[in-house]
Amino acid sequence: MLRFRSLGSGSTGNAALVESTTSAGRTTRLLVDCGFGIRQLDRRLAQAGLAAADLDAVFITHEHGDHIGCAHALSLRDRIPVWMSEGTWLATGGRDYEGRLHLARDDAEFTVGDLCLQPFTVPHDAREPLQLRCTDGNRTLGVLTDLGHATSHVLARLRGAHALLLEFNHDSDLLAGSAYPAFLKHRVGGNYGHLSNTAAAEIARAVLHDGLRHVVAAHLSEQNNRPEIVRRLMADALGGDEAEMLTATAAEGSPWLDV
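Reference entry: report on the structure contained in this document. The structure presented is a predicted model; accordingly, all values stated were derived computationally and were not measured.

**Some details on the environment of Arg157**
Take Arg157: it is sitting in helix 5 (residues 152–158). Judged by relative accessible area, Arg157 falls into the buried class, the value being 17%. With 35 residues separating them along the chain, Arg157 and Tyr192 place their C-alpha atoms 19 Å apart. With near-sequence residues (within four places) excluded, Arg157 lies in contact with Asp107, Gln118, Phe120 and Arg133.

**Quick look at empty space enclosed by the protein**
Applying the stated criterion to the full structure yields 2 cavities of 30 Å³ or more. Here the largest cavity defines a volume of roughly 90 Å³. Along the walls of the largest cavity sit 15 residues, with Asn14, Ala15, Ala16, Thr145 and Leu165 positioned nearest its centre. Mapped by element, the contributors of at least two residues to the lining of the largest cavity are strand 1 (2–8), strand 2 (15–21) and strand 3 (27–34). Of the volumes computed, that of the second largest cavity is approximately 40 Å³. Contributing to the lining of the second largest cavity are Arg5, Ser6, Leu7, Arg44, Gln47, Ala251 and Glu252. Contributing elements (two or more residues each) for the lining of the second largest cavity: strand 1 and helix 1 (38–47). Sorting elements by how many residues they give to the lining of the second largest cavity places strand 1 first, with 3 residues.

**A word on the environment of Arg105**
Within the element layout of this structure, Arg105 appears in the loop between strand 6 (101–104) and strand 7 (110–112). Sequence spacing of Arg105 and Pro119 is 14 residues, and the spatial spacing of their C-alpha atoms is 6.5 Å. Filtering out sequence-adjacent residues up to four positions away, Arg105 remains in contact with Pro119 and Leu130.

**A closer look at the packing of aromatic side chains**
Tallied over the full model, the rule gives 2 aromatic pairs. Judged by centre distance (6.4 Å) and plane angle (25 degrees), the ring pair of Phe59 and Phe110 falls under stacked. Placement of Phe59 in strand 4 (residues 57–59) and of Phe110 in strand 7 is noted, with a sequence separation of 51 residues between them. Relative accessible area serves as the criterion here: at 8%, Phe110 is assigned to the buried category.

**Observations regarding the packing of helix 1 against helix 3 (residues 71–78)**
The geometry of helix 1 relative to helix 3 is characterised by a closest axis approach of 10 Å and an angle of 70 degrees between their N-to-C directions. By the angle between their directions, the pair helix 1 and helix 3 is classed as roughly perpendicular. Contacts from Ile38, Leu41 and Asp42 of helix 1 reach helix 3 at Ala73, Leu74 and Arg77. Taken together, the residues that form the contact of helix 1 with helix 3 break down as 4 nonpolar, no polar and 2 charged.

**Some thoughts on unusual backbone geometry**
Phi is positive for Arg79, which is not a glycine, with a value near 55 degrees. If you trace the backbone, Arg79 turns up in the loop between helix 3 and strand 5 (82–85). The phi angle at Glu98 is positive, at roughly 55 degrees, despite the residue not being glycine. Relative to the helices and strands, Glu98 resides in the loop between helix 4 (86–91) and strand 6. With relative accessibility at 47%, the residue Glu98 sits in the partly exposed group.

Basis of the calculations
Residues numbered from 1 in each chain as written. Predicted model: local features only at pLDDT ≥ 70, side-chain atom pairs only at ≥ 80, totals over all residues. Heavy atoms only, no water. Helix = DSSP H or I, 4+ residues; strand = E, 2+ residues; numbered from the N terminus. Buried < 20%, exposed > 50% of the residue type's maximum accessible area, 1.4 Å probe, protein only. Contact = heavy atoms within 4.5 Å. 1 Å grid on protein atoms, 1.4 Å probe; cavity = no way out; pocket = protein on both sides within 12 Å on 5 of 7 lines; lining within 4 Å. Points joined across faces, edges and corners; volume = space filled by probe spheres on them. Phe/Tyr/Trp six-rings, centres within 6.5 Å; stacked < 30°, edge-to-face > 60°. Axes fitted to C-alpha atoms, helices over the stretch in contact; angles between N-to-C directions. Parallel < 35°, antiparallel > 145°, perpendicular 65-115°, else oblique. Nonpolar A, V, L, I, M, F, W, Y, C, P; charged D, E, K, R; others polar.

The following block contains the structure:
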């Protein structure tokens, strides 16, 4: 069985859990990003019924503070292996993880316990950002946040996934009319920034298939987005009811969802 849960998603911090349990009862748990302080992360893990000691590894998508957060402190405190790209590692100062750092790269699969993980590169204003395809050999989850647009490479890695944690960052009109300075509007809305709602909906529509069970909207901007806008676009793209569309909040993330 494969399941996942957002622990919180937004500009103030991002983290998600991916858990695989075999028929023999063996469990593997991966934390994707840990963009919180370590005490806050501990609290959010406890709300999910877990502790840091239950984690088998951490995967960091890129070096921005709302994603890497307490990765170094967590790894050293709890002796947890950490995976990230070489660019991400260098962008954070090439810190010593006491032998627990593993370098990931585009399309180079690796395993953590019973999870097979395939990182893939995305267009974002970071040094070497990676997003992630996760499978237990039976079901597949795609994690896609923090990118300005979807390349054919990105879409290829999401096709066939049974669940998606997908960025719906901003409404373009709200961003244009916001109090953000011009440079920040350009950054957020640019090809190496964050996905607009319409761009995210097009991704969902492009990879939709009969086996896609869940799409959770993530990384919603508190200033430049509204959950009701997101749910309406998701329902249109996926052919469902607006009330059934799921969004991960900054405060609570999402519930556990079976893939």
